[in-house]
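Structural overview for review
Chain by chain, the residues:
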Amino acid sequence: MQDINRTPLLGVVDSAVGQASTLFNQVAGSIDGLARTSQLLPNMLGQDGPRNYLLLVQNNAEWRSLGGLTGTAILLHTDAGKISLVDTQSATGLVRDLADPIVPLPAEVTKIYGTRPARYFHNLTQVPNFPVDGPIAREMYRSKTGVQVDGVIAVDPVVLSYLLETIGPVELPTGDSLTRENAVQFLLNEVYFRYSDPATQDKVFASAAGAVFEGLINGRGTMEGLLAALGRASEERRLLVWSADADEEAILEGTTLAGQLPVSDSRTARFGVFFNDGTGSKMSYYLKPTVTITSGSCGSVSDSGRDDLTLRVSLTNTAPADAATSLPEYITGGGAYGTKPGQANVISNIYLPQGSTLVAASTGDNAAFQKDDYEGRQVLTFGTDLSPGATTEITVVARMSSTPTGAQALITPTADSSRSPTVTTSCRLN
């Protein structure tokens, strides 16, 4: 589909080819990831001996680059095809704040994110590169429990909701029934209205994740439903896998499951748009990002004749006007980190495509931004404060050194499953 020359195509034919190409682009990554994972499954399930895996459940109500803070850690044990849930812990029960990083971080990482990803269990997925995050999680868990895991897997409550569609509702110790329809709202918002004690919140979150995986382990649901759920989760980069075995990690490399930095190729220039909460709260649940990319063929061709790619990121705080008083303090943050209750502070990291140069960058409030480099990509960091109902926009223009035929932006997966974490160009590139 990518090799079809669409220049001479007209009307319905051109539209059909475009739609088919978009569809294939969307599903190719997830199918590839699941196909490669099928090569790993026998060993992952303990074919050649027992294994342990650390399952991280991210909380999208408080953004981190790859989804949300790591709220729950589940230890899965596999042996000869049998899976057992050995232990479930909240992040607060594990390594939370270390004086020194648990593992050394590259200087490029610390310039952008500091040492927090290697000192706080909650911040494991702040770096949008799971091959970096997985080893940190493994070492933090080992230092606390003495258990050396063979790999790390990350999911979020949206993935749990997809799984609930096939296994059906699960009952929680609180008496609540967790379903496909209510899982995300209950886990990422409602729980904070019901329970003011963070320890209780952690227990509810951990028990919910444990109940879903107990349902899977006990064989509930259909194989077709399970594959559909995992396929969608993989496509949306809500399911991430890292293996401590170098050969197995090589199989995962380049797939949506690997959770790597966006990689540009001769056909597609890829941006990264990653959000991190700076409020110390659960206000990310109320934030709605909209990302668009336009190209030079939409009317902005540089003097060099090359296309300039324009990325626009719009953030809206949909919290109620009286959020400061109507929302629980645990959601607003209570001003503990300097952000007024009801407001939301967002740290946006924009990764430019490899081989591109920055032409211009601006924000709606003309705020300054920081520019760094990470693994051959320019990274722009913006800090934004949003009051309830407010919207801000970031605009970045990048000039490509080559002429790709398309562009994408990989975005932090949010609590809203209707918003795709991948956006493509709204105009065809020349």
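Higher on the page you've got the structure.
So, here is what we can say about the structure in this document. (Residues numbered from 1 in each chain as written. Predicted model: local features only at pLDDT ≥ 70, side-chain atom pairs only at ≥ 80, totals over all residues. Heavy atoms only, no water.)

Once that is clear, we can look at unusual backbone geometry. In this structure, Ala80 is a non-glycine residue whose phi angle is positive, near 50°. Residues other than glycine seldom take positive phi values, yet Glu375 does so here, at roughly 50°. Checked against the element boundaries, Glu375 lands in the loop between strand E13 (370-374) and strand E14 (377-386). Given the relative accessible area of 44%, Glu375 is considered partly exposed. (Helix = DSSP H or I, 4+ residues; strand = E, 2+ residues; numbered from the N terminus. Buried < 20%, exposed > 50% of the residue type's maximum accessible area, 1.4 Å probe, protein only.)

Pairing within the open sheet is antiparallel, and its four strands lie in the order E9-E10-E15-E12. The outermost strands of the open sheet, each flanked by one partner alone, are strand E9 (287-294) and strand E12 (356-363). The average angle at which neighbouring strand axes cross in this sheet is 15°, direction not considered. As defined by bridge partners, E12 adjoins strand E15 (residues 391-400) across seven bridges and the pair is classed as antiparallel. Across the sheet, the residue bridging to Thr363 is Ile394, located in E15. (Pairing = 2+ DSSP bridges. Axes fitted to C-alpha atoms, helices over the stretch in contact; angles between N-to-C directions.)

So, on to the pairing of E15. Of all 10 residues in E15, seven are buried, a share of seventy percent or more. As judged from the nine bridges shared by strand E10 (residues 308-317) and E15, these two strands associate in the antiparallel manner. Counted as the bridge partner of Val313 is Ile394 from E15.

A few words on empty space enclosed by the protein. Under the criterion given, the structure shown has one cavity of 30 Å³ or more. Its boundaries defined by the atoms lining it, the largest cavity holds a volume of some 60 Å³. Lining the largest cavity are Leu66, Arg237, Leu240, Gly259, Gln260, Phe274, Leu410 and Pro413. Partitioning the lining of the largest cavity into residue classes produces five nonpolar, two polar and one charged. (1 Å grid on protein atoms, 1.4 Å probe; cavity = no way out; pocket = protein on both sides within 12 Å on 5 of 7 lines; lining within 4 Å. Points joined across faces, edges and corners; volume = space filled by probe spheres on them. Nonpolar A, V, L, I, M, F, W, Y, C, P; charged D, E, K, R; others polar.)

Function cannot be read off these values alone, since they describe shape.
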